[in-house]
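If you want the building blocks of each chain, they are given just below.
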Amino acid sequence: DTAVSQTPKYLVTQMGNDKSIKCEQNLGHDTMYWYKQDSKKFLKIMFSYNNKELIINETVPNRFSPKSPDKAHLNLHINSLELGDSAVYFCASSHGLAGAREQYFGPGTRLTVT
Amino acid sequence: GQNIDQPTEMTATEGAIVQINCTYQTSGFNGLFWYQQHAGEAPTFLSYNVLDGLEEKGRFSSFLSRSKGYSYLLLKELQMKDSASYLCAVENRDDKIIFGKGTRLHILP
């Protein structure tokens, strides 16, 4: 019954590797997001997709590439991982309608780059 | 630039009332959110304000003044489980949601 799910929950990897995080929502929402929360707990938007189309792309290194195969999925692929990529990554979803954009967050993926 | 300010930490006593303030300067304004985040968990939605005034939801209320770029979250009858971070977030005119750095609330018995 999980509304927004992410896998994996924990990811430990070495610098230079490539990794992916998957996200799925079963709420029927049109819009999905990726957020990064750093060690100081600052939550910052990275990407937003609406109906599989990219609508927000913040100043994120192009080593990060989101992919949305359908409305219910938004995956995040990261190339050439760096130490500074260590953070918790949250996926979220919402309706695309103004006034109804409360976001439902997944449980987060804690990425540690060594 | 876009800026959202809220206090870094606050402490209150169980059973008391606490008010967490948030001021913002953003490129346009569609609405303001409050989220609660317990340590090690995902943020969960608390409230959404579009118009000026107070929205009450049980023990939690949220107030908005658009002309002042100001909001607060009011928590009444504090319980130990209310110990968490409270995140203020603004949706600007580009439909982008910008989060503040959060206020860590400590509840003392």
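I will try to describe carefully the structure that is included in this document. (Residues numbered from 1 in each chain as written. Chains lettered and ligands numbered in written order. Predicted model: local features only at pLDDT ≥ 70, side-chain atom pairs only at ≥ 80, totals over all residues. Heavy atoms only, no water.)

### Quick look at the state of the cysteines
All names here are of chain B.
Reasoning step 1: Going through the model one piece at a time under the given rule, you end up with two disulfides over all chains.
Reasoning step 2: Between the sulfur atoms of cysteine 22 and its disulfide partner cysteine 88 the distance amounts to 2.0 Å. Between cysteine 22 and cysteine 88, the S-S dihedral sits near -70°, and the bridge is therefore left-handed. Here cysteine 22 is found in strand E3 (residues 18-25), whereas its partner cysteine 88 is found in strand E9 (residues 84-91), with 66 residues between them in sequence. (Disulfide = S-S within 2.5 Å. Helix = DSSP H or I, 4+ residues; strand = E, 2+ residues; numbered from the N terminus.)

### Quick notes on the packing of aromatic side chains
Reasoning step 1: Applying the stated criterion to the full structure yields 16 aromatic pairs over all chains.
Reasoning step 2: Relative to phenylalanine 105 of chain A, the ring of tyrosine 35 of chain A has its centre 5.5 Å away and its plane inclined at 40°; by these criteria the two rings are tilted. Of the two residues, tyrosine 35 of chain A is situated in strand E4 (residues 31-37) and phenylalanine 105 of chain A in strand E10 (residues 104-105); the sequence distance between them amounts to 70 residues. Neither tyrosine 35 of chain A nor phenylalanine 105 of chain A differs from the other in exposure class; each is buried.
Reasoning step 3: Site record: aromatic cluster; members linked through ring pairs are Tyr33, Tyr35, Phe90 and Phe105 of chain A together with Phe33, Tyr35, Phe45, Tyr48 and Phe99 of chain B.
Reasoning step 4: Of note, lysine 101 of chain B hangs over the ring of phenylalanine 42 of chain A, and the distance from its end group to the ring centre comes to 5.3 Å. (Phe/Tyr/Trp six-rings, centres within 6.5 Å; stacked < 30°, edge-to-face > 60°. Buried < 20%, exposed > 50% of the residue type's maximum accessible area, 1.4 Å probe, protein only. Lys NZ or Arg CZ within 6 Å of the ring centre and 35° of its normal.)

### Notes on the pattern of salt bridges
Reasoning step 1: One pass over the structure, following the stated rule, counts five salt bridges over all chains.
Reasoning step 2: Here lysine 76 of chain B ties to glutamate 56 of chain B by a salt bridge, and the two come within 3.7 Å at their closest N and O atoms. Taken together, the residues lysine 76 of chain B in the loop between strand E8 (70-75) and E9 and glutamate 56 of chain B in strand E6 (residues 53-57) connect sequence positions 20 residues apart.
Reasoning step 3: The exposure class assigned to lysine 76 of chain B is partly exposed, which follows from its relative accessible area of 27%.
Reasoning step 4: A network of salt bridges, in which partner residues are shared, links Arg63, Glu82 and Asp85 of chain A. (Salt bridge = Lys/Arg side-chain N within 4 Å of Asp/Glu carboxyl O.)

### Quick notes on the interface of chain B and chain A
Reasoning step 1: Tallying the contact residues gives 17 residues for chain B and 17 residues for chain A.
Reasoning step 2: Summed over both sides, the interface between chain B and chain A buries roughly 1,500 Å², with carbon and sulfur atoms accounting for 58% of that surface.
Reasoning step 3: Taken as a group, Lys96, Ile97 and Phe99 of chain B account for 30% of the area that chain B buries against chain A, more than any other trio of residues on that side.
Reasoning step 4: Linking chain B to chain A there are two residue pairs in polar contact (both at pLDDT 80 or more).
Reasoning step 5: Going through the elements one at a time, strand E4 (31-37), strand E5 (44-49), E9 and strand E10 (97-99) of chain B are the ones with two or more residues in the side of chain B that touches chain A.
Reasoning step 6: Here the residues of the side of chain B that touches chain A are counted per class, giving nine nonpolar, three polar and five charged. (Contact = heavy atoms within 4.5 Å. Buried area = accessible area lost by both parts, 1.4 Å probe. Polar contact = N/O pair within 3.5 Å; in protein donor to acceptor, adjacent residues only side chain to side chain. Nonpolar A, V, L, I, M, F, W, Y, C, P; charged D, E, K, R; others polar.)

Geometric values such as these leave the question of function open.
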